[in-house]
Every structure is written in C-alpha cells, then in structure tokens.
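Chain residues, written in single-letter form:
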Amino acid sequence: MSTSLAGITFAQASSSNDHQALTATLFLLVVLLTVGITFWASRNTKTAADYYAGGRSFSGVQNGFAIGGDYMSAASFLGISGAIALSGYDGFLYSIGFLVAWLVALLLVAELLRNSGRYTMADQLAYRMRQTPVRTAAATSTIVVSIFYLLAQMVGAGALVSLLLGVDSQTAKNLTIVAVGILMIFYVVIGGMKGTTWVQIVKAVLLMGGTILISVLVLAKFGFNVSDLLGQAAQNSGKGSAFLEPGLKYGATTTSKIDFISLGIALVLGTAGLPHILVRFYTVPTARQARQSVLWAIGIIGSFYLLTLILGFGAAALVTGDAKQRIIDSGGNLASPLLAEAVGGGPGTTGGAILLALISAVAFATILAVVAGLTLTSASSVAHDLYASVWKKGEASGADEIKVARISAFVIGGIAIALAIPGQSLNVAFLVALAFAVAASANLPALLFNLFWKRFNTRGVLWSIYGGLISSVGLVIFSPIVSGKGVDATGKNLSLLPTSVDISWFPLENPGIVSIPLGFLLGYLGTITSKERSSEDRFAELEVRSLTGAGSEK
Amino acid sequence: MAERATPQAQAAYDRIHASDEFKQLKKTYMGFVVPMTVGFMVWYLLYVLCSNYAPGLMNTQVFGNVNIALLWGLLQFITTFGIAFWYARFSAKNMDPIADALNEAYEKEANA
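What comes next is a walk through the structure. Model, not experiment: these values are computed from the prediction.

Quick word on the pattern of salt bridges
Residues and elements named next belong to chain A.
So, step 1. Under the definition given, this model contains 12 salt bridges over all chains.
So, step 2. The salt bridge involving aspartate 123 is made with arginine 135; its shortest N-O contact spans 2.9 Å. Here aspartate 123 is found in helix α6 (residues 121-125), whereas its partner arginine 135 is found in helix α7 (residues 131-164), with 12 residues between them in sequence. Considered together, aspartate 123 and arginine 135 belong to a single accessibility category, that of buried residues.
So, step 3. Note that lysine 485 and glutamate 509 form a salt bridge whose closest N and O atoms lie 2.7 Å from each other. Of this pair, lysine 485 sits in the loop between α18 (458-477) and α19 (512-528) while glutamate 509 sits in the loop between α18 and α19, and the two are 24 residues apart along the sequence.
So, step 4. Since its relative accessible area comes to 39%, lysine 485 is described here as partly exposed.

Here we look at the environment of A:Lys221
So, step 1. Secondary-structure assignment places A:Lys221 in helix α8 (residues 170-221).
So, step 2. When sequence neighbours within four positions are dropped, the list of residues in contact with A:Lys221 reads A:Leu318 and A:Val343.

Digging into the interface of chain B and chain A
So, step 1. Listed per partner, the contact involves 57 residues of chain B and 59 residues of chain A.
So, step 2. For the pairing of chain B and chain A, the buried interface totals around 5,200 Å² over both sides, and the portion due to carbon and sulfur atoms is 68%.
So, step 3. One can count four salt bridges joining chain B with chain A.
So, step 4. Elements represented by at least two residues in the side of chain B that touches chain A include exactly α1 (7-18), α2 (20-53), β2 (66-67), α4 (68-94) and α5 (96-110) of chain B.
So, step 5. No other element matches α2(B), which puts 19 residues into the side of chain B that touches chain A.

Criteria and thresholds
Residues numbered from 1 in each chain as written. Chains lettered and ligands numbered in written order. Predicted model: local features only at pLDDT ≥ 70, side-chain atom pairs only at ≥ 80, totals over all residues. Heavy atoms only, no water. Salt bridge = Lys/Arg side-chain N within 4 Å of Asp/Glu carboxyl O. Helix = DSSP H or I, 4+ residues; strand = E, 2+ residues; numbered from the N terminus. Buried < 20%, exposed > 50% of the residue type's maximum accessible area, 1.4 Å probe, protein only. Contact = heavy atoms within 4.5 Å. Buried area = accessible area lost by both parts, 1.4 Å probe.

Structural measurements only, silent on function.
Right under this line is the structure:
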C-alpha cells in the first residue's frame, strides 16, 4: 500500500517536472521571439516619430491587432475566465463593459485624436491651452494610470509564473517580477514603438490561437452544445442555476449593487481615457486607418471575450478535484491554464502537460506585451511632455527626446519593479479597475471637453484632471479596499491596512460613480470660473483638423 | 501650444471652418455620433441595472440552460459589432468624401 502510494507520488512528481521543463522552454521561446523582433524593429528607429509612433507606418489591420495585444491583459485572459469559473455569470459582466467601451473610442476619440495629436495624450489637450500646466497635469495622470496598471500586470506575473513553474518561494516570485521588468525595459529602450507594436501583434495572434484551440476542445466535449456546457458548469459549481444568473457576486446588498453599477460605468468610460490605448492611434498614417484599427480591435477583442465565456464556464464544468481547489486558491487566475490541462487529457498526461505549457506561455506573452505598452507610454510622456515641452520649452532636439525617453523607461521600469515586489498582496482586479476609474474620471472629461466645447480652457483642464485623479484615488484610500473591511471566515484580513487601523468612510470599492461625474463637473466649473478666454482661432483650427485631417502629422 | 500654423495655413483653417461644406460635415458627424452614443450608453446601463434589480426578468429560462441575462449579454456584443459596422459604412459614405475634399483644399491653400 505504502509502496504504491509512493509510486503514484513519484509518477506525479516526474510528470509535473516534465511539464515545468516544457513550460520553461516555451517561456524561453516567447522571450527569444520577442527579443528577436525587438532587435529587428530597432534597425529602423531613428527619428522621434519612429520612437514614439512607430514612424506612423502601421496599417489599420496591424494596429488593430496591436490594440488587441495591448488591451487584452492578464486581467482579461486569466482574470475574467477565472471570475466566470468562480462566480459564473457575474464574471461575464466585466467583459461586456470592456467591449462596449470601444464604441466610445470609435465614435468620439480615435479619429479626432489621430488628426489633432502627435505622440502623447497631452499633445491633444495642450493644443489650445497653456502648455506648461496642461502638459504637467496630463503627464501626471498618464504616469499614475500606467503605474497602477503596470503593478497589476507585474504582480500577476509573479504569482502566475511561480505557480506554473511550480516554484512557490517568495524569492522565485521576486525574481520573476525583476525578470519581467528587465524584459519590458529592454523592449521599450531598444525597440521603441515599433518593437513594442510588433510584440503586441505577435502576442495577439498567440492569444487568439491558444484561446480558439482550447475553446474548440471544450466545446467538442459537449458535442458543440453550449446549453449542455452551461448545465454541466452550473451543476459542478455546486450553486445550481444561480451560477448562470446575475447576482452571485454583486447582488448581496444595496451597497454591492451600487458598487457594481459604479464598476460598470468606469469600465465603459475608462477605455477611451487609457493613455497607452490613446497613443496607439498615432501609429497609423491617417484617421481612416485609425478607424480601421478600432474596427479590427472591436472584432478581435469581442471574439476573444466571447471565447473567455467558454473558457470560464468550461473550467467550472470540466476541472475537478485537486485542480479545482488550485483554481479557488489562485482567486480564479489559474482557471484557463488548468482547463487547458484538463482538456488535454488531465494532470499527468502528455497532452495535458503540452496544453498547460502552451497556455502558460501565452499568458506570459500577454503580460510582456501589455507592460511594454504601458512603460513606453509613460516614458514618452515624461520625455515629450515634461522634458521637451515643460523643461526645455520646446527647444530639445528629437535625438535628445529619444535619449530622455530611454532613460525614463529605465527609471519607470525600476520604479514598477520596486513597487511590485512589496505590492504582491494587492488584488490584481482591484488595481485594473482603479486604473480604469482614474482614466475615466481624470482623462476622458478633459479629452471630450477639449474636442467638443469651444469655451473650455486651461483651468478647466487642470480641474478635471487633478480633480478626477485626486477624487478617484482619494475615495479608494477611504474605501473598504484599504481599511475597515474586517476579516473573512478563515481570519484573513480583507483590507490592505492591518485590521487595527480603520480610516474608511466611503462605502464603495469602485469610486467611478462619484469621481467620473465629478471630473466632468470640475472641468465645467473650472472653465466658467476662469476669466481666460480660450483662443477661438485655435478651436476653429482644432475642429477643422480633427474632422478633416487638414495639416495633421504625417 | 502645438507649433503655430503659418499665416496661410491659419487663413485656410479659418476659411474652411466658415465654409458650408465643413458645417455640413460637422452636422453629419454630430448627427450620427450624439444619438448613437446616448443610445448605446442607455442600452448598456439598462442591462446593468436589470442585472441588479430585475432578477425575475433576467433569470427567465429561454431554452435549455440559456436565460435572458445571457442572451441580453450576447446581444450587447451583437449591438456593439453592429454599431461599429454601421458607423464604418456611414462615415465612409457620408463623411469621408467631404473630409477628403476639404483636406485637399487645405493643402493647396496652406502650401500655396
């Protein structure tokens, strides 16, 4: 008896070593492929337009894939399928908000921004305003949003890679974060926007390929009958039909219901204010190509989120036993990888090990592409807005700007590594939701007012950006996320601060429902209380430029 | 500010801004995006609100294990794809020709 038990343990250990070796090999291939692309792309990066905007040489289709690669973060791939696997239908609500948001970007922002900006979000906002304060504000919010988002990705990377490689020590997690950080600095410093864009395109293709493969395998198990899949998922979840209905996660109390509405609003309005998404519109030659890229992005992102539905419910239906417990322990993040293992033949089989390794490598590529986009955006903003425009008053040469952007990428990458290591207890989904809330509260009001309201002026920009930024981050500081939520049944602290500290007075975890209207209101109040008249000539110029492309950057 | 346009370019911008073609372009654009944006925001918020406050409606089984909540969620995907496609068709037909003509006129005037 004891010998046979030892035999089983030994067999499992050796097969798990095999899959870890396979996973490590595939990770290495992803790294080599992306590093190769970056070197190849760097050969043609000479001017500032090359570095910041990839020479505006990408086609709409290419940029559509790159947008998909930039947008579908680990929080989407691992987080949403995990949320569906654990909370059923309520997880799906995330993907709807993330997708519908693209209509705001398509109808109101993408083309107009392409025509009237140059390299950064601030270019657009500073068009008809006083340069120094507006660029400083826009750079501040760009950096804040990007750092929250970066932290989310890197904390996720640490947890994911160590789990998948089977190394559970804190040192291994820290090393993973450092390695991801070094890679992202490398892509940005060497490859600039061209290298980063190609890394994102490759990642989008890998992600779609892997997701389609697993989804087909899942559906095949149910004879391509989705209703059977749903039924099996509901049954295995132990929650019955409630698993397929709204309310499992957010329906408990009035507060959690309002919290959910607040989240929904932030998701749908945040996307068009995310700086790393906005700069993607500058990489194409015309507004028409910008429109084309968003159409492709909507197609790719929409199909992907439909497939996460199959991944999430598939994980609930097909993953059982120990693996199911691992999904729960990982907060859902391991749902997709372990589902891949299950449809490949289960733990201990070659097919299972191959698919697990494949999906893990895809998740790794996902994290690399997203962190590169975020680092490039914040480094560009530091170099182009703070260094060249605010500090050098527009007297810096293009070569100087690129040099400063590269140095900034080092510094920002270093800060992200330094924050992510102690930040590993942070909840990844919370950081992403906060980034969306800040983008929707601080950036979107200023962008929309600047495009559509003639009277809008410098003080309006400053009040909406700083007001939206301070209110969204401030409300979170005084929310149950940071303190006062108490402990769960196992005695685990649910807030960030020790249970002895309670500074919470704001009941919601998602600040959007208050901070977004406040961002718009402050933009309005700031404008009408200021005597500064915005230049009507410049607004006429901005309108003509944004709608016709006349005189836009080539 | 972004670098100042040359006097010729500035004059071209002003003339185009005052032209009937530009007014028509702006009207066409606003006439499409404003109602559409209001429409899809209301449609999305209605869905979010019903998910919260109308469990009876959302939990109604339609066929098999598929309920209204799931179908409405999928419908959000379909409307998003549909509006995107519609906008692409609309703008290519009604806006791009005017924008191209104005852009061409600008190039001539500003670089004259």
